[in-house]
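# Structure assessment
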Amino acid sequence: MQQNEKLQRIFRDVFDDPTIELEPTMTADDIAEWDSLSHVRLMLEVSKAFGVRFSASEVSSLNNVGDLQALISSKGGA
Amino acid sequence: MNFVSLHFIAFTLVTVLAYQATRSVTARQWVLLIASAYFISTYMLDIKSALPLVAFLGLGYVLIVGMSATPSRVYVAAAVCLMIGSFLYLKQFFFLTAVGLPFIYATVGLSYVLFRIISLIVDLSNQDIDGKPSPAAYLAYTCGFTTFLSGPVQTWTSFKSEYEKPPAPITEGEVLRALSRIATGYFKLAIVAAAFDYLFQNFSVQFGGSAHGLPWFKTVSLYTVSAAAYTGYLYYNFSGYMDIVIGIGGLLQFKLPENFNRPFSAKSFLEFWQRWHMTMSQWFKTYLFTPIMLTTMQRLPDPKHSAAIGLFAFFITFLVMGIWHGSTAVFVVYGVLMAFGACANKLWQIAMPRALGKPGYKSLQKRPVYIQLCKGLTFAFFTLALTCLWTPEIGQLFGLAGRLGLSGLLVSLGALTLCFAAVDTVLAPVAAMEFNALSGLETRYRDAWTVSRCAGVILAVVFVSAILNKAPEFVYKAF
């Protein structure tokens, strides 16, 4: 499964919204349920699915989906 | 050193000229260090009074240098605890007053130095940053004169890129933008904030101290106006200071992060803290809220626990953030109020979609009346909570609360909510219209406009200071 496809599935599961279509520029403002609580859950699900670990700084410093995709790639997430 | 003084203006001018006179990165770094050392020395009584700060900085650096490439969790936890313990001791938190140092010393800037040292320790341990800072870079980061007193709290990565970047000649546009920002800051700090302070002092004196025989309604009215005036004072004083230091950063071509983003346009208490003292909020989010959430959610992965974990993390984070603001018991009350506000806000956000359904809640959130009431309530709650900052003794705070009673506090909360909602409804569109209309003219006559503004602000500052018979102080450096 491609990284983007896998990530999209996680987003749809966490935010309980099957219509989400990921774009690199997408931010928390684009998804109503994306708040600080669901963001941590999202990062834990991503961490589990891609087999990578994120520090608190990394979790807090992401600005958009593109940043998250780049971070997963930089950690060799598969 | 008072920001509204010839001393500070001369200091800034000499620093900027020395900094811009060289194209050597090392020479510029030395200019920053020497200027920072001089700036901090103006807050010290003598060499002895500076020793606790020197020891605090030294301890921080020893702990950072002593870290291995992959330090154990025990080392990181011990290092952070040691820094926090030293901070609490030096700041003489109310439960430590019996064991203080036997001489007077300065604690100004200590809170923000602590933020930076902890972030270095944690980020190094997580390998979020490359390499340990040199002693000079460490001092420039922790004690840079533009950020020493009250932030903004810059991340090491952001600081390093500015600190080490190759110098480029400063352009006329950069100078004008920086001067314009500094003029805005002085206007806010020395005129708007000073006017709010004048109102606050004059109203609060009428119901404080010995004025105990006042009718209840008059006490509540005077308290409400005083509290609102203090909020205006704090905001314009603090954001004005930020404009000044960010502007000075511009003259040094040293980009500093923004710390305010129209906080009173926030539609909730949680959103407010994403707009007010943003770099401090981000720090607490990164180094307290997120670690609590990550650790607890890993242990309790079931999504049904998310809300409870979130409330717990919000409570702890806002409680600590409130207590951090001062060393007396009043700040524990402030922390509890902040934590209550954050948790009540989150509970509302959880309960409303359940009660109205997601579409119903989304529709409610778009209604202008609901939006204005939310903005008003956010302002009102924050304003009442700030009472802790102007009643430094716990007995004084409880005495005031007793005189107002629950009904007085609720009347005050309601009045502030409705007044703010009404004023914002009228002023927000007007402010936006003015801005749109003036922005075209401002672009066309930018140079003349900036110079005129600076001259106007200087005249106004002198005029207002003469009327008020005092130079305004920067209030947040006390926290």
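What you see is a predicted model; the values in this text were computed from it and never measured.

### Some details on the overall build of chain B
In terms of regular secondary structure, chain B is built from 18 helices and zero strands. For 479 residues, the compact-globule estimate of 2.2 N^0.38 gives 23 Å, and chain B sits close to it at 24 Å. Expressed along its principal axes, the backbone C-alpha trace of chain B runs to roughly 60 × 60 × 50 Å. For chain B, the proportion of its 479 residues judged to be buried stands at 37%. Of the contacts formed within chain B by residues at least 6 apart in sequence, a portion of 77% connects residues at least 24 apart.

### Things to note about the overall build of chain A
Within chain A, the regular secondary structure consists of four helices and zero strands. Each helix and strand of chain A, ordered N terminal to C terminal, gives the series α-α-α-α. Its C-alpha atoms give chain A a radius of gyration of 11 Å, near enough to 12 Å, the size a compact globule of 78 residues would have. Projected onto the principal axes, the alpha-carbon positions of chain A cover approximately 30 × 30 × 20 Å. For chain A, with 78 residues in total, the buried portion stands at 24%. Sequence separation of at least 24 residues holds for 54% of the intrachain contacts in chain A that already meet a minimum separation of 6.

### A look at helix α4 (residues 73-90) of chain B
With 18 residues, α4 of chain B should reach 26 Å at 1.5 Å per residue; the first-to-last C-alpha distance of 26 Å fits that figure. The inward-facing, buried residues of α4 of chain B contact α3 (47-65) and α5 (110-125) of chain B.

### Topic: the nonpolar core
Residues and elements named next belong to chain B. The biggest cluster of nonpolar side chains holds 127 residues, and the ones touching the most others in it are Y186, L189 and M338. The leading source of residues in this core is helix α9 (residues 216-251), at 19 residues. Beyond its immediate sequence surroundings of up to four residues, M338 is in contact with F318, L319, M321, G322 and A385.

### Structural notes on the domain arrangement of chain B
Residues and elements named next belong to chain B. Assigned domains within chain B: domain 1 (6-163), domain 2 (172-256 + 445-468) and domain 3 (263-427). Measuring from the centre of the C-alpha atoms in domain 1 to the corresponding centre in domain 2 gives 28 Å. Every contact between the two is made by nine residues of domain 1 and, on the other side, 10 residues of domain 2. It is helix α1 (residues 6-20) that provides the largest number of residues to the side of domain 1 that touches domain 2, a total of three residues. Of the residues assigned to the side of domain 1 that touches domain 2, the class counts are three nonpolar, five polar and one charged.

### Regarding the packing of helix α11 (residues 278-299) of chain B against helix α12 (residues 306-324) of chain B
All names here are of chain B. For the pair α11 and α12, interaxial distance at closest approach is 9 Å and the crossing angle is 150 degrees. In terms of orientation, α11 and α12 fall into the roughly antiparallel class. Note on packing geometry: the crossing formed by α11 with α12 is right-handed. Across from F284, L288, F289, I292, M293, T296 and M297 in α11, the residues of α12 making contact are I309, F312, A313, I316, T317, V320 and M321. Taken together, the residues of the contact of α11 with α12 break down into 12 nonpolar, two polar and no charged.

### A short note on the interface of chain A and chain B
Reports of interface size often rely on the accessible area that becomes lost once the parts have come together. In this assembly, 11 residues from chain A lie in contact with 17 residues from chain B. If one sorts the elements of the side of chain A that touches chain B by residue count, helix α3 (residues 56-61) of chain A sits on top with five residues. Of the residues in the side of chain A that touches chain B, the class split is six nonpolar, three polar and two charged.

### As for the environment of G310 of chain B
When you line up the elements, G310 of chain B lands in helix α12. Not counting the four nearest positions on each side in its chain, G310 of chain B is found in contact with L37 of chain A together with K346 of chain B.

### Section: unusual backbone geometry
Excluding glycine, residues mostly carry a negative phi; peptide bonds, for their part, are mostly trans. At D16 of chain A, a position not held by glycine, the phi torsion is positive, near 50 degrees. Along the chain, the position of D16 of chain A falls in the loop between α1 (3-14) and α2 (36-50). Residues other than glycine seldom take positive phi values, yet Q127 of chain B does so here, at roughly 60 degrees. If you trace the backbone, Q127 of chain B turns up in the loop between α5 and α6 (135-143). The class of Q127 of chain B is exposed, set by 10 C-beta atoms lying within 10 Å.

### Focus on the environment of A448 of chain B
Residues and elements named next belong to chain B. By the element assignment, A448 lies in helix α18 (residues 446-468). Here A448 falls in the exposed class, since 9 other C-beta atoms lie within 10 Å of it. Taking C-alpha positions, A448 is 40 Å from A380, a pair spaced 68 residues apart along the chain.

### Focus: the environment of A190 of chain B
All names here are of chain B. Looking at the secondary structure, you find A190 in helix α8 (residues 172-207). Between the C-alpha atoms of A190 and P472, which are 282 residues apart in sequence, the distance is 5.8 Å. Beyond its immediate stretch of four places on either side in the chain, A190 contacts V4, V461, V464, S465 and P472.

### A few points about the confidence of the model for chain B
Here chain B shows a mean pLDDT of 90. Residues at 70 or above account for 96%. Highest mean pLDDT in chain B belongs to helix α15 (residues 368-385) of chain B (97); lowest belongs to α18 of chain B (79).

### Brief notes about α9 of chain B
Residues and elements named next belong to chain B. Here α9 spans 52 Å end to end across 36 residues, near enough to the 52 Å set by a 1.5 Å rise per residue. Within α9, 30 of the 36 residues are buried, which leaves the element mostly enclosed by the surrounding structure. One or two residues past the end of α9 sits Q253, with phi positive at roughly 50 degrees.

### Brief notes about the packing of α5 of chain B against α6 of chain B
All names here are of chain B. Their axes nearest at 8 Å, the elements α5 and α6 cross at an angle of 135 degrees. In terms of axis orientation, α5 runs oblique to α6. Along the contact surface, α5 presents V113, R116 and I117, while α6 presents Y141, T142 and C143.

Calculation notes
- Residues numbered from 1 in each chain as written.
- Chains lettered and ligands numbered in written order.
- Predicted model: local features only at pLDDT ≥ 70, side-chain atom pairs only at ≥ 80, totals over all residues.
- Helix = DSSP H or I, 4+ residues; strand = E, 2+ residues; numbered from the N terminus.
- Rg over C-alpha atoms; globule rule 2.2 N^0.38 Å.
- Buried ≥ 20, exposed ≤ 12 C-beta atoms within 10 Å, placed from the backbone.
- Contact = placed C-beta atoms within 7 Å.
- Expected span 1.5 Å × (residues − 1).
- Core = buried A, V, L, I, M, F, W, Y, C linked by C-beta atoms within 7 Å.
- Domains from an automatic or database assignment.
- Nonpolar A, V, L, I, M, F, W, Y, C, P; charged D, E, K, R; others polar.
- Axes fitted to C-alpha atoms, helices over the stretch in contact; angles between N-to-C directions.
- Parallel < 35°, antiparallel > 145°, perpendicular 65-115°, else oblique.
- Left-handed = near helix turned anticlockwise from the far one by under 90°.
- pLDDT = per-residue confidence, 0-100.

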